[in-house]
Amino acid sequence: MIEAGLEGINVAATELSEVDGAQGTLCVRGVPVAELARRAHLEDAIALLWDGALPGPDLDGSGATAGQERSQRLGAARVRAWPLVQRAHEALSAVDGMVALRGGLSLLDGADDEEIVASVAVLVAAWGRRRRGLEPLEPDPALDHAADLHRMITGIREPAGARALGRYLCTVAEHGMNASTFTARVVASTGSDPVSAVVAALGALKGPLHGGAPGPVLDMLEAVGTPEQAVPWIEAELAAGRRIMGMGHRVYRVRDPRAAVLEEVVTQLEAAGIAGDRLALARAVEAAAGSVLARHKPGRTLAANVEFYTAVLLDAVGMDRALFTPLFACGRVVGWLAHVAEQRASGRMIRPKALYVGPRPPAA
Ligand code: COA
């Protein structure tokens with residue numbers, strides 16, 4: 001028997017995160033995703049996923065904390081990663097940010113996990129600048145990772161935007177056995193190195209069914225234009241045989257819990273007058289898509305997934321849509337590396353079987 005897409009099959013035991021598709025919950029080492037997202041520092045997600053616990057006081061608190069030490073180490077790693085921007089000059093001229101990132105990162109040889117996280121951020125920011133005809137900006141090791149990533153892309157220090165980006169990165173840092181994480185684990189299981197595992201995972205994340213959806217979500221919001229147009233627009237898309245991006249999920253049978261976390265961040269940004277005014281339209285399109293899809297696929301709840309409000313949030317903090325999937329990688333690389341370590345510790349190469357259904361040699 002074959003389970004298409006390995007649906008419902010456990011392929012590893014993990015202590016990293018628990019995804020409950022029926023209840024619509026995600027906990028990272030027992031910490032609800034909303035609580036992790038409130039930390040807003042990727043350093044805290046790293047501490048939780050790699051070291052096993054959140055650092056005590058928040059990075060914004062006083063005194064030297066484990067989080068601040070991590071932040072300093074990660075800042076130093078970004079500085080060490082900076083020469084990669086020169087070495088990856090050709091790769092960074094790629095039109096697609098994921099192609100640029102994949103090419104640039106594959107030049108790394110022998111990097112530790114912090115250097116891999118740092119390199120992803122530095123390369124993504126450099127590509128984001130170059131595609132706009134701007135010079136890449138050197139890292140500032142004094143800033144926390146999300147704030148520096150925000151600054152290296154936008155060229156400005158904007159604490160509210162940086163914090164919103166940090167909340168996004170924490171929200172997407174880890175999510176069970178998704179396609180890119182599985183890819184990373186397969187590569188790690190052969191004894192290969194973490195850089196190779198991450199480069200392979202980038203390839204999986206790039207696909208529109210996985211990490212490539214938020215750009216098209218923004219295209220959809222722009223094409224819909226007004227709340228009144230939402231239902232007819234979605235009906236026309238489905239009639240043309242196209243999927244509605246940002247809706248549906250392989251595991252969740254209710255709304256993706258990360259959608260609520262990101263929607264709340266955008267709500268706060270709009271209340272503070274930082275974001276534009278896309279939220280009302282986004283909510284109207286989500287509601288319309290939910291009801292049209294319910295008629296289209298009765299018995300199957302197709303609700304908003306993480307990508308839906310990712311598009312609205314990243315747009316609100318000034319990120320170009322071409323950066324959406326590369327920014328996803330900036331957060332998810334933390335989860336990939338945690339899974340790589342866990343897989344290596346388990347020591348078993350992943351090697352399933354295929355059911356042969358092709359021709360056989362004629363009987364003698
Ligand atoms: N728009 C239209 N139809 C959809 C849909 C969507 N967004 N999501 C699922 N469906 C349809 C499927 O085509 C399938 O129809 P079928 O039985 O006629 O083949 C049915 O609903 C059930 O699909 P399901 O098994 O729940 O989903 P999946 O595991 O095949 O796919 C996704 C999951 C995420 C790939 C899918 O929902 C999708 O393509 N969403 C849009 C892309 C996206 O937002 N990706 C980001 C994921 S975080």
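Residues numbered from 1 in each chain as written. Predicted model: local features only at pLDDT ≥ 70, side-chain atom pairs only at ≥ 80, totals over all residues. Heavy atoms only, no water.

**Student:** I keep staring at the site of the ligand and nothing clicks. Help me out?
**Tutor:** Close contacts around the ligand come from 20 residues, with Arg243, Ile244, Arg250, Lys297 and Arg300 the closest. The backbone of Ile244 places a nitrogen or oxygen atom 2.7 Å from a nitrogen atom of the ligand. Within the backbone of Met247, a nitrogen or oxygen atom sits 2.8 Å from a nitrogen atom of the ligand. Compared with its free state, where it exposes 860 Å², the ligand has 77% of that area covered by protein. One can see that the ligand is located within the largest pocket. Its residues assigned to classes, the shell around the ligand comprises 9 nonpolar, 5 polar and 6 charged. (Near = heavy atom within 4 Å. Polar contact = N/O pair within 3.5 Å; in protein donor to acceptor, adjacent residues only side chain to side chain. Areas by Shrake-Rupley, 256 points an atom, 1.4 Å probe, with all protein chains shown as cover. 1 Å grid on protein atoms, 1.4 Å probe; cavity = no way out; pocket = protein on both sides within 12 Å on 5 of 7 lines; lining within 4 Å. Sits in = over half its atoms within 2 Å of the grid points. Nonpolar A, V, L, I, M, F, W, Y, C, P; charged D, E, K, R; others polar.)

**Student:** Looking at this structure, I do not really get the side chain of Glu43. What am I missing?
**Tutor:** Mapped onto the elements of the fold, Glu43 is located in helix α2 (residues 42-51). Here Glu43 sits buried without a salt bridge, and the closest side chain of opposite charge, Arg78, lies 5.0 Å off (N-O distance). Among the polar contacts listed, one links the side chain of Glu43 to the side chain of Ser71, at a separation of 3.2 Å. (Helix = DSSP H or I, 4+ residues; strand = E, 2+ residues; numbered from the N terminus. Buried < 20%, exposed > 50% of the residue type's maximum accessible area, 1.4 Å probe, protein only. Lys, Arg positive; Asp, Glu negative; His and termini not counted. Salt bridge = Lys/Arg side-chain N within 4 Å of Asp/Glu carboxyl O.)

**Student:** Please clarify how the nonpolar core should be interpreted in this entry.
**Tutor:** Note on soluble globular proteins: their nonpolar side chains tend to be buried together. Core analysis: the largest hydrophobic core is formed by 106 residues, its most contacted members being Leu149, Tyr168, Val285, Phe308, Leu327, Val333 and Trp336. Split by domain, the residues of this core number at least three in each of domain 1 (15-56 + 64-208 + 322-346) and domain 2 (214-316). In this structure, Leu26, Val33, Tyr252 and Val261 belong to the second largest nonpolar core, which totals 5 residues. (Core = buried A, V, L, I, M, F, W, Y, C linked by side-chain atoms within 4.5 Å. Domains from an automatic or database assignment.)

**Student:** Please clarify how unusual backbone geometry should be interpreted in this entry.
**Tutor:** With the exception of glycine, the majority of residues adopt a negative phi angle, and the majority of peptide bonds are in the trans configuration. Of note in this structure, Leu6 is not a glycine but carries a positive phi near 55°. Looking at the element boundaries, Leu6 is found in the segment before β1 (17-20). Given the relative accessible area of 41%, Leu6 is considered partly exposed. Despite not being glycine, Arg29 has its phi angle at roughly 45°, a positive value.

**Student:** Help me understand the pairing of β1, please; the structure alone is not making it clear to me.
**Tutor:** Side chains on a regular strand alternate between the two faces of the sheet. Alignment of β1 against strand β2 (residues 25-28), held across 4 bridges, turns out to be antiparallel. Residue Val19 lies in a different strand from β2, and its bridge partner there is Leu26. Turn length for the β1-β2 hairpin, with the two strands adjacent in sequence and antiparallel, is 4 residues, and the turn residue Gly24 shows positive phi of about 75°. (Pairing = 2+ DSSP bridges.)

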